[in-house]
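Given next are the chains, with one letter for each unit.
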Amino acid sequence: MTTYTALELFIDGRFLSGQGRVTEPVFDPATGRPIADLPHASAADLDAALDAAARAFPAWSATTASERAKVLRRAADLIRARIETIATVMTLEQGKPVAESRGEIAYAADVIEWYAEEGRRTYGRVVPSRVPGVAMTVTHEPVGPVAAFTPWNFPALTPCRKIGGALAAGCTLVLKAAEEVPGTAVEIARAFADAGLPAGVLNLVFGKPAEVSAHLIASPAIRKVSFTGSTAIGKHLMALCAHDLKRTTMELGGHGPVVVFDDVDVEATAELAATAKYRNAGQVCISPTRFFVQEAAYDRFVARFTDVAKGLKLGAGLKAGVQMGPLANPRRIQAMEAIVQDVRDRGGKVETGGARRGNAGWFYAPTVVTGIGDDALVMTEEPFGPVAPIVPFADFDEVVRRANSLPYGLAAYAFSTSARRIADIGAALKAGMVGLNTLAVSNPETPFGGVRDSGHGQEGGVEGLQAYLDVKFTASA
Ligand SMILES: NC(=O)c1ccc[n+]([C@@H]2O[C@H](COP(=O)([O-])OP(=O)(O)OC[C@H]3O[C@@H](n4cnc5c(N)ncnc54)[C@H](O)[C@@H]3O)[C@@H](O)[C@H]2O)c1
């Protein structure tokens, strides 16, 4: 019997159980059955978390960056030491293959460690003065208590990006993690508590998303909001933040174009693309999702991509050898059914998949669709699931126009052996992250974030730390 974890809130340094609180069930997406009850924070709990974050802020922001780094590094080490436990919890609640869970958790620990180090390098600068006798400096100060909202697709990495950046900068945090995947967030909070993080610096709450976000963002204590999720909710939260001009980081949806020119090794590129597309069952904001393949390479690309899709082993993520798990919630199943029905209604072709798999759980077959125009739903709406549209193109200018035609701008990719062409398309693609002859665009050291409807602000890299810092110019005579 595989064990899950005790679900609790974490407020002002204390773990609080569901006793006396409203709860909601958490499901195993591989079976569709409930595995635990999640306590919701009451309004009083949310106020306690806000109060704790506000009270802890003066002392935590005054702690030296190197002292903060020690706590962060200890938390990263504890997360690494507990990787098997946390990976099991994550796979049980989210569904992804346990090898993917392990990889994500190791990466999350690296992110915390990176922020610990980078926090010690927030130097500011001395500016050559125009006014004799007046010294001019630019320094950075933590923005204040932060409210953060994380989704269900990366239950460890996304919270750790926000926790790492905020804490390293000297901010305190109230985190509302996704209700689908609370166990991983609780395990992360335990690692920070065990690492000696002072009470109130990190608080973890759950509840009805709309109610919790409205409550937290309305608090004058909160000075910054960091959200990862859909564009529609991001816009809604920004409107709430406008009231008292809270700073925001918005990491929203994307629909990553992949442009494949006909001079590449077609089969190898198709294998790479398909493997990346179906990772985490396609529930990745930087997934390669709109495949534009030059005409001469098109048929071979579709054939090899489809072979990879057909060969993937589906199943519960804890089973050995499983390459793709279930979708994280039934909403994604409905979304896949709607976009594939739209393909059929338009006379498009389903090369493989196009249906649910199995009698239990939320499995959807790895799917490839062709024969559609750029106005098909699957081409205009982020699939956020295992459905891959592949369409042909003729020339450079045409494909640039089509790849840039959506309001999104998170990740974009291109493959060619021509150095000139790859440089040209890299410059032409409108996105916050561009992969040229690679699909790997996420590292702790590099900025992660989008443009236009994909949001603004970065997590990761120097920029990810600056997101939690205000700038102060001082002139001193
Ligand atoms: N950028 C990402 O990494 C990412 C991750 C997960 C989901 N998404 C987007 O979400 C869509 C599907 O996910 P969904 O069905 O959960 O969509 P959704 O829009 O209902 O929710 C997206 C996320 O926001 C949270 N949320 C919803 N309403 C909220 C509110 N009022 N205040 C604060 N948080 C709120 C949810 O708990 C969830 O984690 C996808 O199509 C994708 O665009 C993006």
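Just so it is clear, the structure is predicted and the values come from calculations on it, not from any experiment.

Explain the overall build of the chain to me, please; I cannot follow it from the model alone.
Regarding its fold elements, the chain presents 15 helices and 22 strands. Taking 477 residues into account, the globule formula puts the C-alpha radius of gyration at 23 Å, and the chain, at 23 Å, falls close to it. Taken along the three principal axes of its C-alpha coordinates, the chain extends 65 × 65 × 40 Å. Counting over 477 residues, the chain shows a buried share of 57%. The long-range share in the chain, meaning contacts at least 24 apart out of those at least 6 apart in sequence, stands at 73%. Looking at the chain as shown, the accessible area adds up to about 18500 Å², and 54% of this sits on carbon and sulfur atoms. Side chains of the chain give 48 positive and 51 negative charges; the mean places of these two sets differ by 2 Å.

Help me understand the packing of aromatic side chains, please; the structure alone is not making it clear to me.
For any pair of aromatic rings, geometry is given as the distance between the ring centres together with the angle between the planes. Enumeration according to the criterion identifies nine aromatic pairs in this entry. Relative to Phe384, the ring of Trp152 lies with its centre 5.5 Å away and its plane at 85 degrees, an arrangement referred to as edge-to-face. With a gap of 232 residues between them, Trp152 in the loop between β7 (146–149) and α5 (157–169) and Phe384 in the loop between α12 (377–380) and β18 (387–393) connect regions that are remote in the sequence. Measuring from centroid to centroid gives 5.9 Å for Tyr278 and Phe305, while their planes differ by 65 degrees, and the two rings are edge-to-face. In this pair, Tyr278 is assigned in the loop between α9 (266–277) and β13 (288–294) and Phe305 in helix α10 (residues 295–311), connecting sequence segments 27 residues apart. Overall, the relative accessible area of 2% leaves Tyr278 in the buried class.

Which parts of the structure should I look at to understand the packing of helix α2 (residues 65–81) against α5?
Axes are the key here: two packed helices are described by the angle between their axes and the distance separating the axes. At a minimum axis separation of 9 Å, α2 and α5 run at an interaxial angle of 160 degrees. By the angle class used here, α2 and α5 are roughly antiparallel. Regarding α2 and α5, the two cross each other, and that crossing is right-handed. Every residue of α5 that contacts α2 at Arg68, Leu72 and Ile79 is listed here: Cys160, Gly164, Leu167, Ala168 and Ala169. Partitioning the contact of α2 with α5 into residue classes produces six nonpolar, one polar and one charged.

In this structure, what is going on with the nonpolar core? I would like to understand it.
Counting 155 residues, the largest nonpolar core has Leu167, Phe192, Ile286, Phe301 and Phe305 as the members making the most contacts within it. Ranked by residues supplied to this core, first place goes to helix α4 (residues 98–119) with ten residues. Taken domain by domain, the makeup of this core includes at least three residues from each of domain 1 (9–252 + 452–476) and domain 2 (256–436). For Leu167, the residues in contact, after removing those within four places along its chain, are Trp60, Arg68, Leu72, Leu173, Phe192, Leu197 and Val201.

Would you mind going over the UniProt feature "domain: Aldehyde dehydrogenase" (unreviewed entry) in the chain with me for this structure?
Under the present numbering, the feature "domain: Aldehyde dehydrogenase" (unreviewed entry) in UniProt falls on residues 23–473. Annotated as 43% helix and 21% strand, the span residues 23–473 places its first and last C-alpha atoms 48 Å apart.

What is the right way to read helix α8 (residues 231–242) from this model?
Note on helix geometry: an α-helix contains 3.6 residues per turn, so any two residues three or four positions apart are oriented the same way. For α8, spanning twelve residues, the distance from its first C-alpha to its last is 16 Å, which sits close to the expected 16 Å at 1.5 Å a residue. Listed in full, the buried residues belonging to α8 are Thr231, Gly234, Leu237 and Cys241. Projected onto a plane normal to the axis of α8, the buried residues spread over an arc of 120 degrees and lie on a single side. In α8, those exposed residues whose orientation departs by more than 90 degrees from the buried face are Ala232 and Ala239. Where α8 is buried, its residues contact β7, α7 (209–218), β10 (224–228) and β11 (247–251).

Would you explain the sheet that holds strand β6 (residues 135–142) in this entry?
Sheet strands pair via backbone hydrogen bonds, and the direction of the pair is either parallel or antiparallel. Spatially, three strands are ordered β5-β6-β22 in an open sheet, and the strand pairing comes out antiparallel. At either margin of the open sheet sits one strand with a lone partner, and together these are β5 (125–127) and β22 (469–476). Adjacent strand axes in the sheet meet at a mean angle of 25 degrees, parallel and antiparallel pairs treated alike.

I'm lost on the pattern of salt bridges in this one. Help?
Pairs can form between side chains of opposite charge whenever their charged atoms are close. All told, the structure shown has 32 salt bridges when counted by the stated rule. Across the pair Arg73 and Glu117 runs a salt bridge, and its minimum N-O distance is 2.6 Å. Within this pair, whereas Arg73 is found in helix α2, its partner Glu117 is found in helix α4, the two being separated by 44 residues in sequence. Salt-bridge contacts for Asp342 lead to Arg346; the nearest nitrogen and oxygen are separated by 2.9 Å. Sharing partners across several salt bridges, the network here consists of Arg73, Glu117, Arg120 and Arg121.

So what exactly am I meant to see when it comes to the sheet that holds strand β14 (residues 349–352) here?
Spatially, β14-β17-β18-β13-β12-β19-β20 is the arrangement adopted by the seven strands of the open sheet, whose pairing is mixed. A single partner strand is all that each edge strand has here, and the edge strands are β14 and β20 (433–436). Averaged over neighbouring strand pairs, the angle between their axes works out to 25 degrees when direction is ignored. Strand direction decides the pairing type here: β13 and β18, joined by four bridges, are parallel.

Could you clarify how one ought to interpret the environment of Gly254 in this entry?
With respect to the helices and strands, the residue Gly254 is situated in the loop between β11 and β12 (256–260). Taking the C-alpha atoms as reference points, Gly254 and Asp453, separated by 199 residues in sequence, lie 8.0 Å from one another. Contacts of Gly254, omitting those with residues within four sequence positions, involve Cys285, Glu382, Tyr408, Leu410 and Ser454.

About the thresholds
- Residues numbered from 1 in each chain as written.
- Predicted model: local features only at pLDDT ≥ 70, side-chain atom pairs only at ≥ 80, totals over all residues.
- Heavy atoms only, no water.
- Helix = DSSP H or I, 4+ residues; strand = E, 2+ residues; numbered from the N terminus.
- Rg over C-alpha atoms; globule rule 2.2 N^0.38 Å.
- Buried < 20%, exposed > 50% of the residue type's maximum accessible area, 1.4 Å probe, protein only.
- Contact = heavy atoms within 4.5 Å.
- Areas by Shrake-Rupley, 256 points an atom, 1.4 Å probe, with all protein chains shown as cover.
- Lys, Arg positive; Asp, Glu negative; His and termini not counted.
- Charge placed at Lys NZ, Arg CZ, Asp CG, Glu CD.
- Phe/Tyr/Trp six-rings, centres within 6.5 Å; stacked < 30°, edge-to-face > 60°.
- Axes fitted to C-alpha atoms, helices over the stretch in contact; angles between N-to-C directions.
- Parallel < 35°, antiparallel > 145°, perpendicular 65-115°, else oblique.
- Left-handed = near helix turned anticlockwise from the far one by under 90°.
- Nonpolar A, V, L, I, M, F, W, Y, C, P; charged D, E, K, R; others polar.
- Core = buried A, V, L, I, M, F, W, Y, C linked by side-chain atoms within 4.5 Å.
- Domains from an automatic or database assignment.
- UniProt positions renumbered as here; feature names shortened; annotations may be inferred.
- Expected span 1.5 Å × (residues − 1).
- Arc of directions from axis to C-beta.
- Pairing = 2+ DSSP bridges.
- Salt bridge = Lys/Arg side-chain N within 4 Å of Asp/Glu carboxyl O.

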